[in-house]
Amino acid sequence: MSAASVAFKLARRGTTLSLRHAVLIVLIVALPVAGLSAFVLRFQSQLPTVHESIVSRLGQTQSVLTVVRSPDPTARQYQFDLLDLNGATDDKGNLLHPDTGKLIDPHTLLPPGTRVLGIADSTARVQSSAGQLSLPVTLGPTSDRSFHGLFDLTAGRAPRTAQEITATQAALDRLGVRLGDSVDLTQPVNRSFTVVGVLADHRQPSSRAALYLPTGSYDGTTAQPSLRDERFFLPDVDVSWAQSARFNHAGVTVWSRALVAHFGPPDSDWTLNAGIYLMEFGFAAALVAFIIALLAGSAFSIGARSRQRALAVVAATGASRRLLFALMLCTGAIVGAVAGAIGVGLGIAAGSAWLALTADGTIRHYAGYHLVWWAHAAVLGYAVLAGMIAAAVPAIGASRADTVAALRGTRKPLKPSRRRPVVGAIIVAAGVALSLVCGLFNAYLLTLQSEAVTFGPGAHQSWVAQHQTRLSQLGGYSLAAGIIITQLGLLLCASVIVRWTARLVGRLGVGARLAGRDLARNHTRTVPALGAIMATSFIAIFAATLFASQSATDTASWQYSVEPGQLFIPAQFGQSASPSASEVRGAVADGIGAARVATVSGASLPPETSPSDTARYADVVIPPSQRCPATNPDQPPTVSFKANDPRCRDWSVNGVNWNAEVPRIVVGDAADLTTILGRTPSVAATRTLEAGGAVVLHRQLLHDETLTIGYFDAQHFSGFDPTSPAQDPATVDAVYQPAGHDLAVMAVVAPAAAARIGLPTQPMGTFVQPKHRIDQTELDALNGSLQRLTGEAEASAQYDSGPQSGAARLEVWSALAASAFLALSAAGVALALARSDGRRDVEVLDAIGAAPRVRRRFAAWQAVMITGIGMLLGALTGTIGAFAIDGTSRTSLFVMPWGETALAIVGTTLVIAAISWLTGGRPRSRATRSAIA
C-alpha cells in the first residue's frame, strides 16, 4: 500500500473521529466559498455571450441601419460605432465633404422588395383619469417575431390593425387600464387606440411606462420621425463589412451579424466587463483564501494539538515525517472538498435568488442565467486547494513534533516573538502607502478618461494613453494587494494589541482578567480568530463606506431646482392666463392634499429659447473676489462639487443650474422663505426681511453684509459669463441663510427693499412643500388639476425627488447584510474553536469550584475582546480601502458612515458576547483532578 493511500485512509478516519472539528472547518470553508460561487454566477450572468450581444441590438433580425449624415464618398465607420462616420479632412482638420443635411433614405440602397422594419422612439401626451401624462412611445412593428429577444409579448396578442397597440405593464398600471381598454392620445395626434397586448421591452427597465404604436401613427405631424431618428432593421439581409462601405458612403452606418463574425464581439460588451470581472474576482478570491487560511489554519492547528498523542503513536510505529505531513494535507483536502461542494451548492442557490430579486428586465443588467459549470468546478478546486494550504502550516508542525513529549502528554509553551510586532508595523505602513498610492494613480487615470484629455506628443503620455485600461487593472490589483498586506501586518501586531487590551480590561473584574490572560497567553489561537473576524469585518465596513460615499456623491452632484420633495408651479403655462393664488392652492389640495404653499413674485427671467433678446433682466451680482476663476479664458469656469477652489462648488451661482422658470430672485417675506427652505429660517434672516433687507441662500453672493443686484442682457443667462459687467447695480443689506442644498433661488428680497431699488417684479409661481413625500400617482393628479385649471395640456409642476440610488442601493445593502452575516459566522466559529482549544482551562475552573457566573463572564469577555478587536481592525482596513478609492478621486466624495460602523462593531460584539455568556456557564462532566494533572 502506497504512502499516499495510507495517509488518505488515516485522514478520513481521523476526520470521522473528530467530527466536531471537521464540522467547524467545513463551515469555515463553505461560507466564503458560497460567497465566491454566488459572485461567479452573478457576474457570469452579467457577461453577455456573443449571441446575447447580438440579440440585445438586433433581436432576430440580421442587420440594422442608422442614418448619420449626408453622403460622403470617403466616410467609413469604425467597426461597431453607429454614430460616427470618419471622412477625409484637409490639413486644417476640416471635412472635405461637410454634412449638408441632405440625407439618403436607406430603402433606396436596398434591392426592391427587401423587408425593412423601422423603429423610432418618441413621446406622446396621453389622457388618464388624473389628467394628461407624457409617456415615451416607440413607433414600429415591435410585436413582429423578428424582434424576439428585444421585444417580447408577455400577455395578449400582437396588434392586427392600425388602431391597436401594445404597452408595458407599468404603463397599464399608471394609466389604470387593462387589455381591451382604449387609450386616448392628445398630442402629437388626437387618436384613440385599443391596448391588445403587454410588451416587455428588454432595452429598458420593467418599471418604465411606455406605449408601442404602429408604424405611421405620427405621419403628417411635427413629431413624424426623421431619417436620423429611425433605425432600419433588416430581417433577411446580413450586411458584410465589404458591403457596409456602400452604406457608409451614403451616410449610413451598419451593425450586423456579419460584422460580429468579422471583428468579434464589441469591446464594450466583453473586454471591459471581463477586465472588471477578473479584477473583482481576483480580489474576492484572495480575500476568501485569506479568511480560510486564518480560520481553517487555526482549526487544523487545534485539531493537530487535540490529536497530538494519536499522531505520536503513528510516528512511534515508524511513520516518517513525510507521511505525517501527507496525513495532515489529506485531511485538508477532504475537508476542503466537502466544504467546497456544500459552498458551491449554497452559492448557486443564493446567486440564483439574487438574480431573481435584482433583475430589472433589461438585457444590459443581466444578459441571461449563466450557470457556467467549469467556473464553479474551478471554485470547488480552489476550495480543495485552500483547505490544503490552510493545513500546510499545521502539517509542518505535526511532522516536526517531539514524539516522546507528545506520548507523555506535555506541551511546550510558545513564546511570542519581540520582532514580529515591529515587522508588522513596517508592513502596515507599507500596505497603507501602497493602497493610497494606487488610489491616487487610479484617480489620475479616471481623471484622464472623464475629462477626455488629449495627450501631447510626449512619449510618457502616449504610452499611458495606449495602456490606460491595463494600467487601471494593475492599479486595482495593487490596491487590493495593499489592503491585504495591511491586514497581514496588523495580524503580526495583534499579539501586542491583545496584551495591551488585556491590561486595560483586566481591571473590570475576575472574568475580564482571566479572559485577557488566556487570550494573551494562547496567542496562537487568538490571532487567527481575530484575523478572520477582521477580514470579514473589512468587507462589511468597506461596502458600507462605499455606499455612503456614493450617496454623498450623488447628493453633491445633483443640480437641485427646489429642495428634495418640493414642487414649483410656474405662474403661467403657454399662452394661458395666469391662475390666481387661490386657484393654485385648490389644485394643490385636489392633487396632493395638505401642503404649505407660497405664491411669490420675483425678477423675471429670459426664456431659454431667446438668447438674442435685447431686454434687460435683473440678477444677482457675484462679487469679483467670490467668482470661480476660469482655467481657460475662452471657456466658462469648470464647476465641480469637489473642486479645489470652494468658489467653484456651487452649481447654481455659476449658472450651471440655471432654470428658466424657478426665479433666481424672489420677492417675499419670512413665510415665503420658510416654504422655500422647507424649514424655519434663522432669527437673523427673519429680522432682516422684516427690516426691509434680503436673505442670500448662497454664501458667495454676500460681500460686506450686502447683496448687489444689477441688470444684464439675455446672453448673460444663456452663456452665463459671471464677469460680464452689471448695469445700474444696487445694494441691499443682507444676511446669509444656509439652505439644505444649492438651490436655483439665489436670494429672497423683502418687498420694501425691492421697491427701494426699483426692482421690476412679476408673478413667478408657487412653491409647494407637501406634508408627505408624494408618489407618481399624486403628481399625475396635481398635473391633471393644473391642466384642467389652465386649459394647457403641457401644464405640469416641477418636482425634485433628489438623486435616486435604485438597484445599486439594494445591491450594496444586500452585500452589506451578507458581509455582516459572514462576520457573525466567522466570529462564532472562531470563538467555538478558541473554546474547544481552551476546554482544559474551563475544566480547571470547574475543578476549583468556580461559580457559573465566573465561567459566563470569562466566556463573555473572551468574545468581547476577540470580536471587538477584530471588528475595530476590520473597520480600520475597510476605511483605508474606501478612502483609497473615493478619498483620492476628483469625481467622488469620501464619507465615513459612523452610525453604520458603530452599529456593526458594537452590535456584532454584543451578539457574540451574549451567546457566549448564555452558553459559558454550563459545567463540564470532566472537571476532575485529571483536568489539572
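Residues numbered from 1 in each chain as written. Predicted model: local features only at pLDDT ≥ 70, side-chain atom pairs only at ≥ 80, totals over all residues. Heavy atoms only, no water.

### Comments concerning the overall build of the protein chain
The criterion, for reference: Each helix is a run of DSSP H or I of at least 4 residues and each strand a run of E of at least 2, with the numbering of both proceeding from the N terminus. Contacts are assigned to residue pairs with any non-hydrogen atoms lying within 4.5 Å of each other. To measure how exposed things are, a 1.4 Å probe is used in the Shrake-Rupley method; for residues, cover is taken only from the protein chains shown.
The helix and strand inventory of the protein chain stands at 26 helices and 22 strands. By sequence separation, contacts in the protein chain at least 24 residues apart represent 82% of the contacts at least 6 residues apart. Carbon and sulfur atoms make up 59% of the accessible area of the protein chain, which amounts to about 43100 Å² in all.

### Description of the side chain of histidine 698
Relative to the helices and strands, histidine 698 is located in the loop between β17 (694-696) and β18 (706-712). Setting aside chain neighbours within four positions, we find histidine 698 in contact with Asp650, Ser652, Val653, Tyr736, Asp742, Leu743, Val745 and Met746.

### Some thoughts on the packing of helix α25 (residues 852-887) against helix α26 (residues 898-919)
Put simply, the test is: The angle between two axes is taken between their N-to-C directions and runs from 0 to 180 degrees, where each axis is a line fitted to C-alpha atoms and a helix contributes only its stretch in contact. Between 65 and 115 degrees an angle is taken as roughly perpendicular, under 35 as roughly parallel, over 145 as roughly antiparallel, and anywhere else as oblique. Crossing chirality is assigned from the near helix's rotation relative to the far helix, an anticlockwise turn below a right angle marking it left-handed and a clockwise turn marking it right-handed. Amino acid classes used here: Ala, Val, Leu, Ile, Met, Phe, Trp, Tyr, Cys and Pro are nonpolar; Asp, Glu, Lys and Arg are charged; the rest, including Gly, are polar.
Between α25 and α26, whose axes approach to 8 Å, the crossing angle comes to 155°. Regarding the angle of α25 to α26, the classification is roughly antiparallel. Crossing angle aside, the handedness with which α25 passes α26 is right-handed. On α26, the residues that touch Arg856, Arg857, Ala859, Ala860, Ala863, Val864, Thr867, Gly868, Met871, Leu872 and Ala875 of α25 are Thr901, Ala904, Ile905, Thr908, Thr909, Ile912, Ala913, Ser916, Trp917 and Leu918. Class assignment of the residues belonging to the contact of α25 with α26 gives a composition of 13 nonpolar, 6 polar and 2 charged.

### Some points on the pairing of β18
Side-chain direction in a regular strand flips from residue to residue, so the side chains alternate between the two faces of the sheet. Cut-off, in case you're wondering: Exposure classes here rest on a 1.4 Å probe applied to the protein chains alone. A residue is buried below 20% of its type maximum, exposed above 50%, and partly exposed in between. Each pair of strands is called paired provided DSSP finds at least two bridges between the two strands.
Most of β18 sits out of view: 6 of its 7 residues are buried. Relative to β18, strand β15 (residues 617-620) runs antiparallel, the two sharing 4 bridges. Its bridge partner being in β18, tyrosine 617 is matched across the sheet by phenylalanine 712. Both β18 and strand β19 (residues 727-736) contribute to a ladder of 5 bridges, which runs antiparallel. When the sheet's bridge partners are listed, tyrosine 711 is paired in β19 with glutamine 727.

### What about the pattern of salt bridges?
What counts is decided by this rule: Salt bridges are counted wherever a side-chain nitrogen of Lys or Arg sits within 4 Å of a carboxyl oxygen of Asp or Glu.
Counted according to the given criterion, the structure contains 11 salt bridges. With a closest N to O distance of 3.1 Å, arginine 228 and aspartate 99 form a salt bridge. Of the two residues, arginine 228 sits in the loop between β10 (211-213) and β11 (230-234) while aspartate 99 sits in the loop between β3 (85-86) and β4 (117-127), which places them 129 residues apart along the sequence. As a salt-bridge pair, arginine 115 and aspartate 144 come within 3.7 Å of each other at their nearest N and O atoms. Pair noted here: arginine 115 is in the loop between β3 and β4 and aspartate 144 is in the loop between β5 (132-139) and β6 (151-156), with a separation of 29 residues, a long-range link. The class of arginine 115 is partly exposed, set by a relative accessible area of 37%. Aspartate 144 sits in the partly exposed class, given a relative accessible area of 23%. Taken together, the shared-partner salt bridges in this structure form one network comprising Asp121, Asp201, Arg203 and Arg231.

### Details of the sheet that holds β17
In spatial order, the strands read β15-β18-β19-β17-β20-β16-β14-β21-β13-β22; together these 10 strands make up an open sheet with mixed pairing. Single-partner strands in this sheet number two, and they are β15 and β22 (798-799). Each of β14 (595-602), β16 (665-667), β17, β20 (747-749) and β21 (762-770) touches helix α18 (residues 670-677); the most contacted strand, β14, lies at about 115° to it.

### With respect to unusual backbone geometry
Between glutamine 187 and the following residue, proline 188, the backbone shows a cis peptide bond with an omega angle of -5°. Position of proline 188 among the secondary structure elements: in the loop between β8 (182-187) and β9 (191-201). One non-glycine residue, aspartate 704, lies in the positive phi region at around 55°. The backbone phi angle of aspartate 728 is positive, close to 50°, even though this residue is not glycine. The topology assignment puts aspartate 728 in strand β19.

### Looking at the confidence of the model for the protein chain
Segments scoring low in pLDDT should not have their predicted coordinates read at a detailed level. As a reminder, the rule being used: As a per-residue quantity, pLDDT reports the predictor's confidence and falls between 0 and 100.
Here the protein chain averages 78 in pLDDT, and 74% of its residues register 70 or above. In the model, residues 450-462 has pLDDT below 50 throughout and makes 9 contacts with residues more than four positions away in sequence or in other chains. For the stretch residues 925-933, pLDDT sits under 50, and the model shows 13 contacts to residues farther than four places along the chain or on other chains.

### As for the pairing of β14
Here β14 runs beside β21; their pairing, made up of 8 bridges, is antiparallel. Among the inter-strand pairings, alanine 595 is bridged to a residue of β21, identified as proline 770. Two elements, β14 and β16, share 2 bridges in a ladder whose sense is antiparallel. Note that in β16 the partner of glycine 602 across the bridge is valine 666.

### Quick word on the packing of aromatic side chains
Rule in force here: Pairing of aromatic side chains requires ring centres within 6.5 Å, counting the rings of Phe and Tyr and the six-membered ring of Trp. Pairs whose planes differ by under 30 degrees are stacked, by over 60 edge-to-face, and all others tilted. Here, a charge over a ring is recorded when the distance from Lys NZ or Arg CZ to the ring centre is within 6 Å and its angle to the ring normal is within 35 degrees.
Under the criterion given, the structure shown has 7 aromatic pairs. The interplanar angle of 25° and the centroid separation of 5.2 Å between the aromatic rings of phenylalanine 538 and phenylalanine 542 together place this pair among those described as stacked. Taken together, the residues span about one helical turn, with phenylalanine 538 and phenylalanine 542 both in helix α16 (residues 523-557) at a distance of 4 residues. Among the residues examined, phenylalanine 542 registers a relative accessible area of 15% and is labelled buried. Judged by centre distance (5.2 Å) and plane angle (90°), the ring pair of phenylalanine 883 and phenylalanine 894 falls under edge-to-face. Here phenylalanine 894 lies in the loop between α25 and α26 and phenylalanine 883 lies in helix α25, a separation of 11 residues in the sequence. What makes phenylalanine 883 partly exposed here is its relative accessible area of 33%. Cluster of aromatic residues (ring-pair linked, three or more members): Phe147, Phe151, Tyr212 and Phe233. The positively charged end of arginine 76 is found above the aromatic ring belonging to tryptophan 241, 3.9 Å away from the centroid. Taking NZ or CZ as reference, arginine 246 lies 5.9 Å from the ring centre of phenylalanine 247, over its face.

### Some details on helix α19 (residues 683-690)
Which entries qualify depends on this criterion: To obtain the arc, one takes the directions from the helix axis to the C-beta atoms.
Among the residues of α19, those classed as buried are Ala685, Thr688 and Leu689. The buried residues of α19 occupy one face: seen down the axis, they fall within an arc of 95°. Of the residues in α19, the exposed ones pointing more than 90 degrees away from the buried face are Val683, Arg687 and Glu690. Residues of α19 that are buried make contact with α18, β17, β19 and β20. Taken from the residues just after α19, glycine 692 is the one with a positive phi, measuring 85°.

### Remarks on the nonpolar core
What counts is decided by this rule: As used here, the term nonpolar core means buried Ala, Val, Leu, Ile, Met, Phe, Trp, Tyr and Cys residues forming a set that is joined through side-chain atoms within 4.5 Å.
Of all hydrophobic cores here, the largest spans 25 residues; its most connected members are Leu530, Met534 and Leu873. Those elements giving two or more residues to this core turn out to be α14 (468-505), α16, α25 and α26. Ignoring anything within four residues of it in the chain, the contact list for leucine 530 reads Ala494, Val498, Ile866, Ile869, Gly870 and Leu873.

### Looking at the environment of isoleucine 541
Assignment of secondary structure puts isoleucine 541 in helix α16. On the basis of relative accessible area, isoleucine 541 is assigned to the buried category, the value being 1%. C-alpha of isoleucine 541 to C-alpha of alanine 902: the two residues are 361 residues apart in sequence and 9.8 Å apart in space. Here isoleucine 541 is in contact with Ala875, Thr879, Met896, Thr901 and Ala904, once residues within four sequence places are set aside.

### What to know about the side chain of glutamine 700
Along the polypeptide, glutamine 700 turns up in the loop between β17 and β18. The buried category is assigned to glutamine 700, whose relative accessible area is 10%. When residues no more than four places from it in sequence are discounted, the contact partners of glutamine 700 are Pro623, Gln626, Arg647, Asp650 and Val653.

### A word on the packing of helix α15 (residues 510-521) against α25
The N-to-C vectors of α15 and α25 enclose an angle of 55°; their axes lie 8 Å apart at closest approach. If you check the angle between α15 and α25, you find them oblique. When the axes of α15 and α25 are compared, the crossing they make is right-handed. Where α15 abuts α25, its residues Val510, Gly511, Ala512, Leu514, Ala515, Gly516, Asp518 and Leu519 lie against Val854, Arg857, Phe858, Trp861, Gln862, Met865 and Ile866. Each residue belonging to the contact of α15 with α25 can be placed in one class, and the counts come to 10 nonpolar, 3 polar and 2 charged.

### Side note on the environment of threonine 486
Note the cut-off: In protein, a polar contact requires one atom able to donate a hydrogen and another able to accept it; more generally it is a pair of N or O atoms within 3.5 Å, and residues adjacent in sequence count only if both atoms are side-chain atoms.
Residue placement: threonine 486 occurs in helix α14. For threonine 486, a relative accessible area of 3% translates into the label buried. Separated by 59 residues in sequence, threonine 486 and isoleucine 427 place their C-alpha atoms 6.5 Å apart. Apart from residues no more than four positions distant in its own chain, threonine 486 is found in contact with Val428, Gly431, Val432, Ser435 and Thr877. Of the polar contacts made by the side chain of threonine 486, one reaches the backbone oxygen of glycine 482; its length is 2.8 Å.

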